[in-house]
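Single-letter residue listing:
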Amino acid sequence: MKNSKLYLGLGIFFTALIILIREWETLAHLNTIFFGNYFDALKNYYTLLYHVKWDESYFTFEGMNYPYYEHVLFTDNQPLIANFLKFLYDLGIPVEYITLGITNSLLFIGMVLATWFNYRCLEKLSVLPWLSMVAAVGLTFLSPQTDRINGHFALSYSFIIPLLLYQGLLFLEKPDFKRSLIIGILTVSVSFIHAYYLGFALLIYGCLFLINLIGQRVSLKKALLHFALQVIGSLVIVEGIMALTDSVKDRPSYPWSPFLTNFNLHGVFFPVGKPLGSWIGRNFGMPPVEWESIGYIGMATTLFFFASVLALLVMIFGRRIKSHPFVKGGAQKHFLVLTTFLALVTPALFTALANNEWTYMHMGPIRQFRSIGRFNWVVFSSLNFIFFGWLSGVIQKKKAFITIPLTIVVFAFFINDIYWNCEKPFHEN
């Protein structure tokens, strides 16, 4: 699309500029500052720094659980990054003196990358370049993962979900085995940044398989081969590595707080902790929302979603279903719609099953994903991409009496949501 690279460059520039203006003092002291001073933050700094300098094995963490030790993945020290730094240290490069600075800088680099992949996803949906730029930057700072910068460092990389979705969009554009291999390698790699990214990848690429199969883009045999490369092979490799390297042989099958599933729809569609949400809660009442389930997608996208669901019901009865925004369009849009749907249904189903003791006891390894509300982050990306794709289509129709007031309202909601999401510091230094 014309001027696409220009607007992508501007988006990257504006994201970097906002970070620089907002965090200039932090950026000046990246190697001498902690982004959190309690609980998980201190533990995550400790496990990374200790592993780089003191551990003898790349997979075993010796700084806790003596004398049995612990697997690095369960210490949340970002094994992929920690082991790269450890490899450099073992070569004699004194990275231990700048490991803190590297860790902190990656959190901001991740935000710049989020703008990049947000833009690329919107570009694949033929969104207008200027709108893609605005949306890409805005979604970077609206992302619920920014709340994790003060402690859950591995979970703060808001570029990973758009990256996973982008690979899916590229595959649907050209379903070849090279792309499937890239997806498989990517899935394994992000799994060793944080285990929850494995869950996100399995859901996203499971949807990709269904769209590939239902749309009959390839034969059943080829669809299964792609699925094997993207999902089955990745899962086997991750599980195989864990089985061969986990020093803890009696790890509990039933993890702590099994019923802490932390999922409800309010976390997706309701501005918890924001002025509007607080006002509604005070005047009309609102069920409590666990912080783990907060993945607010923004007011404009929320209104679009519920209006679309209502329109879908009307069109089903009117037998005009094919003209609905969720239905019309190519495989790429259907992929995002299915991903949104399953990212909403899966946590709800998990919550229903886990709150029954008998079903919970028979859920196998899935029990480990007890903070299921984090799957809201997938909804945040996929549904916002759908929304801005729809908005771009409306704008391109050039009906001023509709597009001008609609765009003004959307931008007012969007800017308001971003402001209140970024009003407080990302971290507590």
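The rules behind these values
Residues numbered from 1 in each chain as written. Predicted model: local features only at pLDDT ≥ 70, side-chain atom pairs only at ≥ 80, totals over all residues. Heavy atoms only, no water. Helix = DSSP H or I, 4+ residues; strand = E, 2+ residues; numbered from the N terminus. Rg over C-alpha atoms; globule rule 2.2 N^0.38 Å. Buried < 20%, exposed > 50% of the residue type's maximum accessible area, 1.4 Å probe, protein only. Contact = heavy atoms within 4.5 Å. Areas by Shrake-Rupley, 256 points an atom, 1.4 Å probe, with all protein chains shown as cover. Axes fitted to C-alpha atoms, helices over the stretch in contact; angles between N-to-C directions. Left-handed = near helix turned anticlockwise from the far one by under 90°. Nonpolar A, V, L, I, M, F, W, Y, C, P; charged D, E, K, R; others polar. Disulfide = S-S within 2.5 Å. Expected span 1.5 Å × (residues − 1). Polar contact = N/O pair within 3.5 Å; in protein donor to acceptor, adjacent residues only side chain to side chain. Patch = residues over 30% accessible without salt bridge, like charges linked within 9 Å, V, L, I, M, F, W, Y side chains within 5 Å. Salt bridge = Lys/Arg side-chain N within 4 Å of Asp/Glu carboxyl O. Parallel < 35°, antiparallel > 145°, perpendicular 65-115°, else oblique. Phe/Tyr/Trp six-rings, centres within 6.5 Å; stacked < 30°, edge-to-face > 60°. Lys NZ or Arg CZ within 6 Å of the ring centre and 35° of its normal. Arc of directions from axis to C-beta.

Before going further, it helps to spend a moment on the overall build of the protein chain. The number of helices and strands found in the protein chain is 16 helices and two strands. Against the compact-globule benchmark of 22 Å for 429 residues, the protein chain has a radius of gyration of 22 Å, which places it among compact chains. Each principal axis of the C-alpha distribution contributes one length, and for the protein chain these read about 70 × 55 × 50 Å. Within the protein chain, the fraction of its 429 residues that count as buried is 50%. When contacts within the protein chain are restricted to residue pairs at least 6 apart in sequence, those whose partners lie at least 24 apart make up 77%. Roughly 20,500 Å² of accessible area belongs to the protein chain as shown, and the carbon and sulfur atoms make up 69% of that amount.

All right, on to the environment of Ile415 then. Mapped onto the elements of the fold, Ile415 is located in helix H16 (residues 400-421). Sequence separation of Ile415 and Leu142 is 273 residues, and the distance between their C-alpha atoms is 9.3 Å.

Below, the discussion takes up unusual backbone geometry. The step from Tyr66 to Pro67 runs through a cis peptide bond, and the omega angle for that step is 5°. A positive phi angle is found at Asn65, which is not glycine, with a value near 60°. In this structure, Asn65 sits in the loop between strand E1 (60-61) and strand E2 (70-71). We note that Tyr69 has phi near 70°; this positive angle belongs to a residue other than glycine.

Direction vectors running N to C along helix H2 (residues 39-53) and helix H3 (residues 79-90) enclose 30°, while the axes themselves pass 8 Å from each other. Seen from above, H2 lies across H3 with right-handed handedness. Along the contact surface, H2 presents Leu48, His51, Val52 and Lys53, while H3 presents Ala82, Asn83, Leu85, Lys86 and Tyr89. Its residues assigned to classes, the contact of H2 with H3 shows five nonpolar, two polar and two charged.

The term disulfide refers to a covalent linkage connecting the sulfur atoms of a pair of cysteines. Under the definition given, this model contains zero disulfides. Of all cysteine sulfurs in the structure, the one in Cys207 sits closest to Cys121, which takes part in no disulfide; the separation is 14 Å. On the basis of relative accessible area, Cys121 is assigned to the buried category, the value being 0%.

Here we come to helix H8 (residues 195-214). Along its 20 residues, H8 runs 29 Å from first to last C-alpha, staying within 8% of the 28 Å computed at 1.5 Å per residue. In terms of burial, H8 is a largely internal element, 15 of the 20 residues being buried.

This part covers the side chain of His152. Turning to its location among the elements, His152 is positioned in the loop between helix H5 (129-142) and helix H6 (160-173). The exposure class of His152 is buried, given its relative accessible area of 12%. A distance of 2.6 Å separates the side chain of His152 from the side chain of Asp40, its partner in a polar contact. With near-sequence residues (within four places) excluded, His152 lies in contact with Asp40, Asn44, Trp291, Glu292 and Arg374.

Taken together, Phe13, Phe14, Leu17, Ile18, Leu20, Ile21 and Trp24 make up a surface patch of nonpolar side chains, about 700 Å² in accessible area. Within the secondary structure layout, Leu17 lies in helix H1 (residues 4-27). Judged by its relative accessible area of 32%, Leu17 falls in the partly exposed class.

Two elements in contact, H6 and helix H15 (residues 376-396), have axes separated by 9 Å at closest approach and are oriented at 55°. As the angle between them shows, H6 and H15 are arranged oblique. Our pair here, H6 against H15, has a crossing hand that is right-handed. Counted together, Ile161, Pro162 and Leu165 of H6 and Trp377, Val378, Ser381, Ser382 and Phe385 of H15 form the full contact between these two elements. Partitioned by chemical class, the residues of the contact of H6 with H15 number six nonpolar, two polar and no charged.

Right, let's talk about the packing of aromatic side chains for a bit. Taken as a whole, this structure holds 26 aromatic pairs when the rule is applied. It is Lys86 that lies over the ring of Tyr58; its NZ or CZ is 5.6 Å from the centre. Taking the ring centre of Tyr196 as reference, the NZ or CZ of Arg374 above it sits at 4.5 Å.

Here we come to the environment of Val52. Relative to the helices and strands, Val52 resides in helix H2. With relative accessibility at 1%, the residue Val52 sits in the buried group. Placed 111 residues apart in sequence, Val52 and Leu163 show a C-alpha to C-alpha distance of 27 Å. Look past the residues within four positions of Val52 in its chain and what remains in contact with it is Ala82, Leu85, Lys86, Tyr89, Val95 and Thr99.

With 22 residues, H16 should cover 32 Å at 1.5 Å per step; its first-to-last C-alpha distance of 31 Å lies within 8% of that length. Regarding H16, the residues found buried are Thr403, Thr407, Val410, Phe414, Asp417, Ile418 and Asn421. End-on, the buried residues of H16 take up no more than an arc of 105°, which puts them together on one face. Exposed side chains of H16 directed beyond 90 degrees from the buried face belong to Phe401, Ile408 and Ile415.

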